[in-house]
Amino acid sequence: MTQHTEPAPECPRPEFSRMVNADTVQRGEMVQTIEPTEAERVALARRLELEAIGSLTATVRLRRVRGTMIRVSGTLEAEVVQTCVVSLEPVPAHVSETFEAVFAPEDLVPDDLDEIDIDPDAPDEDIPEPMHNNRIDIGELTAQYLSLGLDPYPRAAGIEFETIDEAEAEEEEVPEQRPNPFEALRQLKKPN
């Protein structure tokens, strides 16, 4: 009896993908400026739950380190429109982020990070990310850092969260006085 196995599903292609072949990166710095197309901005806005991405530009620097690893650093600037968490109105915002990461060939990055002796005080960028097919997607890296740079609780101008006065809250939390079950007995015992 032959066993039929389904091929593993492919990961969807990122909305904003700009691949760099690691072989093209030398010890000298390689600089690329990248911008998504209008269709890529629309798709990325949908993924990041934004109303719109008006513009997104990243300047990315790549440099070979330790022989087979690539250090990627960059800056990004974006004009986005988020949704107010209180009123659901559009909230325009400017995002400016810097980022850095180290990439290594897949065979040099353990599958389980527990296998790596990690210094808890070491910055995250010292833990290498795997290169897939010897390539680095600097567009997806930019999209991830754009996501991290967004305000998690955007509010329209003049909109504030309602706060509850602590004294009022305590008054509301006071439980009702329950009648004493022995009070009825006491009333029966009293002479008229």
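My aim in this report is to walk through the structure given alongside it, one point at a time. (Residues numbered from 1 in each chain as written. Predicted model: local features only at pLDDT ≥ 70, side-chain atom pairs only at ≥ 80, totals over all residues. Heavy atoms only, no water.)

Overview of the side chain of Glu 40
Applicable threshold: Think of it this way: any DSSP run of H or I at least four residues long counts as a helix, any run of E at least two long counts as a strand, and we number them from the N terminus. Burial status follows relative accessibility: with a 1.4 Å probe on protein chains alone, a residue under 20% of its type maximum counts as buried, one over 50% as exposed, and anything between as partly exposed. N or O atoms within 3.5 Å of each other form a polar contact, as long as, within protein, one can give a hydrogen and the other can take it, and as long as residues adjacent in sequence are counted only when both atoms are side-chain atoms. In this description, contact between two residues means that some pair of their heavy atoms is separated by no more than 4.5 Å.
Looking at the secondary structure, you find Glu 40 in helix H1 (residues 38–47). Using a relative accessible area of 15% as the deciding quantity, one classes Glu 40 as buried. A polar contact is formed between the side chain of Glu 40 and the side chain of Arg 18, at a distance of 2.8 Å. If sequence neighbours within four positions are ignored, Glu 40 has contacts with Glu 15, Phe 16, Ser 17, Arg 18 and Glu 35.

Describing a nonpolar patch on the surface
So the rule is basically this: To count toward a patch, a residue needs a relative accessible area over 30% and no salt bridge; like charges are then connected within 9 Å, while nonpolar side chains (Val, Leu, Ile, Met, Phe, Trp, Tyr) are connected within 5 Å. Working definition of accessibility: Shrake-Rupley area with a 1.4 Å probe, residue cover restricted to the visible protein chains. One side-chain nitrogen of Lys or Arg within 4 Å of one carboxyl oxygen of Asp or Glu is enough to make a salt bridge.
A cluster of nonpolar side chains, contributed by Val 85, Val 86 and Tyr 153, occupies part of the molecular surface with about 280 Å² of accessible area. By the element assignment, Val 85 lies in the loop between strand S4 (69–83) and strand S5 (90–105).

Quick notes on the nonpolar core
Counted only if it meets this: Take the buried Ala, Val, Leu, Ile, Met, Phe, Trp, Tyr and Cys residues and link them wherever side-chain atoms come within 4.5 Å; each set so joined is a nonpolar core.
Ranked by size, the top nonpolar core spans 31 residues in total, and within it Leu 62, Val 72, Leu 76 and Leu 146 carry the most contacts. Contributing elements (two or more residues each) for this core: H1, strand S3 (52–65), S4, S5 and helix H2 (138–149). Discounting residues that sit within four places of it in the chain, Leu 76 has contacts with Leu 56, Thr 57, Ala 58, Val 95, Ser 96, Glu 97, Phe 99, Thr 142, Tyr 145 and Leu 146. One finds Val 65, Met 69, Ala 104 and Val 109 within the second-largest nonpolar core, a separate group that totals five residues.

A few points about H1
Condition: Here, the arc refers to the directions that run from the helix axis to the C-beta atoms.
For H1, the full list of buried residues reads Glu 40, Leu 44 and Ala 45. Within H1, the buried residues cover an arc of 135° as seen down the axis, which keeps them to one side. When the buried face of H1 is taken as reference, the exposed residues oriented beyond 90 degrees from it are Glu 38, Ala 39 and Arg 46. Buried positions along H1 lie against S3 and H2.

Quick notes on the pattern of salt bridges
Under the defined criterion, the tally for this structure stands at five salt bridges. Here Glu 29 and Arg 61 are joined by a salt bridge, their closest N and O atoms 3.4 Å apart. One end of the pair, Glu 29, is in the loop between strand S1 (19–21) and strand S2 (30–34); the other, Arg 61, is in strand S3, with 32 residues separating them in the sequence. Accessibility expressed as a relative area gives 49% for Glu 29, which makes it partly exposed. For Arg 47, the salt bridge goes to Glu 140, with nearest N and O atoms at 2.9 Å. Taken together, the residues Arg 47 in helix H1 and Glu 140 in helix H2 connect sequence positions 93 residues apart. Looking at Arg 47, the relative accessible area reads 34%, which means it is partly exposed. Linked by salt bridges that have partners in common, Glu 15, Arg 47 and Glu 140 make up one network.

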